[in-house]
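Structural characterization, general
Residues per chain, in single letters:
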Amino acid sequence: MSGRDEDLDLAVRLLAGTPTHEGRDPLLIRQWALVASEFGSRMTPPALPVRVVERDGGLATRLLARYRSRPPVVEIYVDTVDRAGAGVSPQQVMVRTLPYVWAVALGGLCVTAATYL
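Now for a look at the structure at hand.

What counts and how
- Residues numbered from 1 in each chain as written.
- Predicted model: local features only at pLDDT ≥ 70, side-chain atom pairs only at ≥ 80, totals over all residues.
- Heavy atoms only, no water.
- Helix = DSSP H or I, 4+ residues; strand = E, 2+ residues; numbered from the N terminus.
- Pairing = 2+ DSSP bridges.
- Axes fitted to C-alpha atoms, helices over the stretch in contact; angles between N-to-C directions.

1. A few points about unusual backbone geometry
Even without being a glycine, arginine 62 presents a positive backbone phi close to 60°. Looking at the element boundaries, arginine 62 is found in the loop between α3 (58-61) and β2 (65-69).

Below, the structure written as structure tokens:
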């Protein structure tokens, strides 16, 4: 299995494990993960120094990772990573989820611009 397949499988497991996706068709969730991965891989993130911080408390807030833009920091919730049983380190989660984070951020920017401009 290639690294891309492993990343996609991890994304599917993480998406399927969220409460809002209970009972959704696994093929639909896999398609969402694939679209986000392809979109994120085409993006060229700006060369910003991003600090990575490991935190607890993700289970209580239902977060795996979070990106904060000011100052640029990626927060990895190690308790959620451990509970997911993904067999990966928090650093690997950060690397694998960064394209998705950029896609979500860009989507939010587009929605905000369309709403307020």
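Right, picking up where we left off after that structure.
2. Structural notes on the sheet that holds strand β3 (residues 72-77)
Within the open sheet, the 3 strands sit side by side as β1-β3-β2. Their pairing is mixed. Each of the sheet's edge strands pairs with one partner strand only, and the pair in question is β1 (51-55) and β2. Direction aside, the axes of adjacent strands within the sheet are offset by 20° on average. Relative to β3, β1 is paired through 5 bridges, and the arrangement is parallel. Within the sheet, the bridge partner assigned to valine 52 lies in β3 and is valine 74.

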